[in-house]
Amino acid sequence: QVRVVESGGGLVQPGGSLRLSCAASGTGFSILVMGWYRQAPGQQRELVATITSGGSTKYEDSAKGRFTISRDSAKNTVYLQMNSLKPEDTAVYYCIVNLRIGGNYWGQGTQVTVSS
């Protein structure tokens, strides 16, 4: 069993920054990919960014140039640095952990609200 816990959400003004963190814990697992999805009210959950065990990254178009995903493999932790935030970035952000064996695990989500 793998536990996934996010932190770092909150309220920020437009143009501001936030850094989300996600830590995976448990025993006997190997992570392939870690990433972030988000879900705004009334919308489907959408991919924001992912990073592989080798460090390859992928971003949703609106996140490119503003968000940076990074990973500390020794700590099984992934980060999402979000700059130049816009009101349309408001959503619950979910961390996903894809295991080499055992499928996907999701965190409980962290709220990000961008508003003046």
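Our subject is the structure that appears above.
The structure reproduced in this document is the subject of the present report. (Residues numbered from 1 in each chain as written. Predicted model: local features only at pLDDT ≥ 70, side-chain atom pairs only at ≥ 80, totals over all residues. Heavy atoms only, no water.)

### Observations regarding the overall build of the protein
Scanning the protein from N- to C-terminus turns up 0 helices and 11 strands. Of the regular secondary structure in the protein, the N- to C-terminal order runs β-β-β-β-β-β-β-β-β-β-β. Relative to the globule expectation of 13 Å for 116 residues, the C-alpha radius of gyration of the protein, 14 Å, shows essentially globular dimensions. Projected onto its principal axes, the C-alpha coordinates of the protein cover approximately 45 × 25 × 20 Å. The buried share among the 116 residues of the protein stands at 39%. Element-wise, carbon and sulfur atoms account for 46% of the exposed surface of the protein, whose accessible area totals about 6,100 Å². Averaging the positions of the 11 positive and the 7 negative side-chain charges in the protein gives two centres separated by 7 Å. (Helix = DSSP H or I, 4+ residues; strand = E, 2+ residues; numbered from the N terminus. Rg over C-alpha atoms; globule rule 2.2 N^0.38 Å. Buried < 20%, exposed > 50% of the residue type's maximum accessible area, 1.4 Å probe, protein only. Areas by Shrake-Rupley, 256 points an atom, 1.4 Å probe, with all protein chains shown as cover. Lys, Arg positive; Asp, Glu negative; His and termini not counted. Charge placed at Lys NZ, Arg CZ, Asp CG, Glu CD.)

### Quick word on the pairing of strand E11 (residues 110-114)
Going residue by residue along E11, you find Thr110, Val112 and Val114 tucked away on one face and Gln111 and Thr113 left uncovered on the opposite face. Strand direction decides the pairing type here: strand E2 (residues 10-12) and E11, joined by 3 bridges, are parallel. Pairing of glycine 10 across the sheet is with valine 112, part of E11. Where strand E9 (residues 91-99) and E11 come together, 3 bridges link them in antiparallel fashion. Across the sheet, the residue bridging to alanine 91 is valine 112, located in E11. (Pairing = 2+ DSSP bridges.)

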